[in-house]
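# Summary of structural features
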Amino acid sequence: DSGVTQTPKHLITATGQRVTLRCSPRSGDLSVYWYQQSLDQGLQFLIQYYNGEERAKGNILERFSAQQFPDLHSELNLSSLELGDSALYFCASSASLQGPTEAFFGQGTRLTVV
Amino acid sequence: ELKVEQNPLFLSMQEGKNYTIYCNYSTTSDRLYWYRQDPGKSLESLFVLLSNGAVKQEGRLMASLDTKARLSTLHITAAVHDLSATYFCAVDEYGGATNKLIFGTGTLLAVQP
């Protein structure tokens, strides 16, 4: 158990809908990362938050947004969903911006858009 | 933009054989990580390599880092079925106000009896 908790584990929704994925980082970790894993794109970095502030953006679509709350949990919001958004979404956390990025991954949320 | 490439993408090997997975990356970094992923599961950290020439070993797996060549290798010795999984390398892109891991394409390892 990495200590990173993601909910829900599975999500099935229709095209055009909006969903929210939730992540609780390891105790004490200030940095949260979101990754998307799909068969054709591999593991893609989406976005990073550190202590409530957005710090880096990767290949994140405009339909997707994220935030990190004062208690350090994070949510990834996906809207106007398309079939191609079906993927495994991982959250990871690490302690700080200094030193190695030893990221610990949650179990993932499997999103299926039908 | 940092690019990370692994090869091979797929590796089928017999139990007892040795093989090496290669990870090349495009820009300077002295921090590289190896992860293992079982089907449908999360990523498990295997090795953390933090300097040029770093070598780490755990059981039948050994990882090394050559920052000058921008190359890391994951060597498998006398493979067993339990090692079947997908292996990812990830390069630490850090500096300034951010740090993040950029992952390679992954290598699917299938060890046949």
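The paragraphs below set out a description of the structure included in this document. As the structure is a prediction and not an experimental result, all values here were calculated from the model.

Bringing the overall build of chain A into the picture now. From N to C terminus, chain A includes 0 helices and 11 strands. Along chain A, from the amino end to the carboxyl end, the secondary structure elements read β-β-β-β-β-β-β-β-β-β-β. Based on the C-alpha atoms only, the size of chain A along its principal axes is roughly 40 × 30 × 25 Å. Taking all 114 residues of chain A together, 51% fall into the buried category. Here the contacts in chain A between residues at least 6 apart in sequence split such that 54% fall between residues at least 24 apart.

Our focus in this paragraph is the interface of chain B and chain A. In this assembly, 19 residues from chain B lie in contact with 22 residues from chain A. Where chain B abuts chain A, roughly 1700 Å² becomes buried across the two surfaces, and 54% of that area is made up of carbon and sulfur atoms. By the criterion of area lost to chain A, the three top residues of chain B are Ser42, Asn99 and Phe103 of chain B, representing 28% of everything that side buries. Where chain B touches chain A, the interface holds 0 salt bridges. The tally of links between chain B and chain A comes to 11 residue pairs in polar contact (both at pLDDT 80 or more). Elements supplying a minimum of two residues to the side of chain B that touches chain A: β4 (32-37), β5 (43-49), β9 (85-95) and β10 (98-103) of chain B. Considering every element that reaches the side of chain B that touches chain A, the biggest residue donor is β10 of chain B, with 6 residues. Partitioning the side of chain B that touches chain A into residue classes produces 10 nonpolar, 5 polar and 4 charged.

Residues and elements named next belong to chain A. Scanning the model with the defined rule gives 2 disulfides over all chains in all. With a sulfur-sulfur separation of 1.8 Å, cysteine 23 is cross-linked through a disulfide to cysteine 91. The chirality of the disulfide connecting cysteine 23 with cysteine 91 is left-handed, given an S-S dihedral of about -50°. Remark: cysteine 91 occurs in strand β9 (residues 87-94) and cysteine 23 occurs in strand β3 (residues 19-24); sequence separation between them is 68 residues. Taken individually, cysteine 23 and cysteine 91 each receive the classification buried, so the pair is uniform in this respect.

Cut-off values and rules
Residues numbered from 1 in each chain as written. Chains lettered and ligands numbered in written order. Predicted model: local features only at pLDDT ≥ 70, side-chain atom pairs only at ≥ 80, totals over all residues. Heavy atoms only, no water. Helix = DSSP H or I, 4+ residues; strand = E, 2+ residues; numbered from the N terminus. Buried < 20%, exposed > 50% of the residue type's maximum accessible area, 1.4 Å probe, protein only. Contact = heavy atoms within 4.5 Å. Buried area = accessible area lost by both parts, 1.4 Å probe. Salt bridge = Lys/Arg side-chain N within 4 Å of Asp/Glu carboxyl O. Polar contact = N/O pair within 3.5 Å; in protein donor to acceptor, adjacent residues only side chain to side chain. Nonpolar A, V, L, I, M, F, W, Y, C, P; charged D, E, K, R; others polar. Disulfide = S-S within 2.5 Å.

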